[in-house]
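Geometric and topological summary
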Amino acid sequence: MTDPRKTAAELAQALEARLGGRLQSVLLFGSVARGEAVEGVSDINILVLLDRVDAAALEAVGPLARRWANAGNTVPLVMAEDEWRRAADVFAIELSDMKDAHVILHGRDPLAELEVDPAALRLQVEREIRGKLLQLREGMLVSAEDEMALGRLLMVALPSFVTYLRATLRLLGRPVPMKSTEVITEAARRIGVPPKPLLQVWEARATARPLHAGVADPLVRDYYAVAEATAAFVDQLSESRS
């Protein structure tokens, strides 16, 4: 089994060799940093901060990024350090998750001095969860007659919904558990929905087990109902705190 942390560290070393002093920080975040990665399923999420992003930097990083992507990994997020600081209000969800779970692979911690604006977090959650709900609905329409495809859809969409559940707990001022199953359970309790459908899909995803689900199955119905209820809860939360 490949160690994703070792793979990420090797990328950081290669970046340092190519960029030298221009490389400010390399940070590992996401499921690997949380200790929840599933081999063959989870992405290795890397943030790369440079002194500036110009043609020379892109030319230097390009071959590494191509090899990284060709190996099935998500292309690293490459930003200039000052750009990163200015974008804090735009990436409030991502910043919140990174602050809770990250590994510094090179340089200093770019999150140490950044604070997440609750208003920006609330706005991003409200916008993104509505968009994800529409994508889920569209996917259910397209996959309605294909149980395997519909099962994959539920598993692929779930990490995003868990991200929104973590953000919802933060908006409520509640502690955010590190384990996603605990996030699902606690957030579902706060929202007033059953956690079972999301936990069932999470178990299938975590064990890389194929999930067959028809559009009329109780699992699909209940999963969608929880997603809708979460979106409605965030809407009401934003109104009550505006």
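Conventions and cut-offs
- Residues numbered from 1 in each chain as written.
- Predicted model: local features only at pLDDT ≥ 70, side-chain atom pairs only at ≥ 80, totals over all residues.
- Heavy atoms only, no water.
- Buried < 20%, exposed > 50% of the residue type's maximum accessible area, 1.4 Å probe, protein only.
- Helix = DSSP H or I, 4+ residues; strand = E, 2+ residues; numbered from the N terminus.
- Contact = heavy atoms within 4.5 Å.
- Salt bridge = Lys/Arg side-chain N within 4 Å of Asp/Glu carboxyl O.
- Axes fitted to C-alpha atoms, helices over the stretch in contact; angles between N-to-C directions.
- Parallel < 35°, antiparallel > 145°, perpendicular 65-115°, else oblique.
- Left-handed = near helix turned anticlockwise from the far one by under 90°.
- Nonpolar A, V, L, I, M, F, W, Y, C, P; charged D, E, K, R; others polar.
- 1 Å grid on protein atoms, 1.4 Å probe; cavity = no way out; pocket = protein on both sides within 12 Å on 5 of 7 lines; lining within 4 Å.
- Points joined across faces, edges and corners; volume = space filled by probe spheres on them.
- Pairing = 2+ DSSP bridges.
- Arc of directions from axis to C-beta.

**Considering helix α5 (residues 92–100)**
- Those residues of α5 that fall on the buried side of the exposure criterion are A92, I93, L95, S96, D97 and M98.
- Looking at the buried positions of α5, the neighbouring elements they touch are β1 (23–29), β2 (45–50), α4 (81–86), β4 (102–107), α6 (118–142) and α7 (147–171).

**Let's talk about the pattern of salt bridges**
- Per the counting criterion, the structure on display carries 15 salt bridges.
- Close ionic contact of R137 with E228 constitutes a salt bridge, the shortest N to O distance being 3.9 Å. Residue R137 is found in helix α6, and its partner E228 is found in helix α10 (residues 218–240); the two are separated by 91 residues along the sequence.
- Given a relative accessible area of 36%, R137 falls into the partly exposed group.
- On the basis of relative accessible area, E228 is assigned to the partly exposed category, the value being 36%.
- Linking R189 and E186 is a salt bridge whose minimum nitrogen-to-oxygen distance equals 3.0 Å. Taken together, the residues R189 and E186, both in helix α8 (residues 180–191) and 3 residues apart, mark about one turn of the helix.
- Beyond isolated ion pairs, a larger network of salt bridges with shared partners links R22, D51, R52 and D54.

**Observations concerning the packing of α7 against helix α9 (residues 196–206)**
- One can describe the packing of α7 onto α9 by two numbers: an axis separation of 10 Å at closest approach and a directional angle of 120 degrees. What the angle tells us is that α7 and α9 run oblique. Note that α7 runs across α9; the crossing there is left-handed. Counting all contacts with α7, which are made through L154, M155, L158, P159, V162 and L165, the residues of α9 involved are L198, V201, W202, A204 and R205.
- Broken down by class, the residue content of the contact of α7 with α9 amounts to 10 nonpolar, no polar and 1 charged.

**Observations concerning the layout of surface pockets**
- Taken as a whole, the largest pocket spans an internal volume of roughly 700 Å³.
- Surrounding the largest pocket, 28 residues form its lining, F29, G30, N45, P159 and T163 being those nearest its centre.
- Sorting the residues of the lining of the largest pocket by element identifies α2 (31–34), β2, α5, α7 and α9 as the ones contributing at least two each.
- The greatest single-element share of the lining of the largest pocket, amounting to 6 residues, is contributed by α7.
- A per-class count over the lining of the largest pocket returns 12 nonpolar, 8 polar and 8 charged.
- Its volume calculated, the second largest pocket comes out at about 300 Å³.
- P4, G40, S42, I44 and N73 are, among the 15 residues lining the second largest pocket, the residues nearest its centre.
- A class-by-class count of the residues in the lining of the second largest pocket yields 7 nonpolar, 6 polar and 2 charged.

**A look at the pairing of β1**
- Taking burial as the measure, the 7 residues of β1 include 6 buried ones, the bulk of the element.
- Relative to β2, β1 runs antiparallel, the two sharing 6 bridges. Of the residues in β2, the one forming a bridge with L28 is I46.
- Bridge count between β1 and β4: 5 bridges; the pairing is antiparallel. Within β4, the residue paired with V26 across the bridge is H106.

**Overview of α9**
- Along α9, the positions that sit buried rather than exposed are P197, L198, V201, W202, A204 and R205. The buried residues of α9 occupy an angular sector of 160 degrees when projected down its axis, which confines them to one face.
- Looking one or two residues past α9, A208 carries a phi angle of roughly 55 degrees, positive in sign.

**Digging into empty space enclosed by the protein**
- Using the criterion set out here, one finds 1 cavity of 30 Å³ or more in the structure.
- Put simply, the largest cavity is a space of about 40 Å³.
- Surrounding the largest cavity, F161, L165, L198, V226, A227 and T230 form its lining.
- Looking at the lining of the largest cavity, the elements with two or more residues in it are α7 and α10.
- The element contributing the most residues to the lining of the largest cavity is α10, with 3 residues.
- Residue composition of the lining of the largest cavity, grouped by class: 5 nonpolar, 1 polar and no charged.

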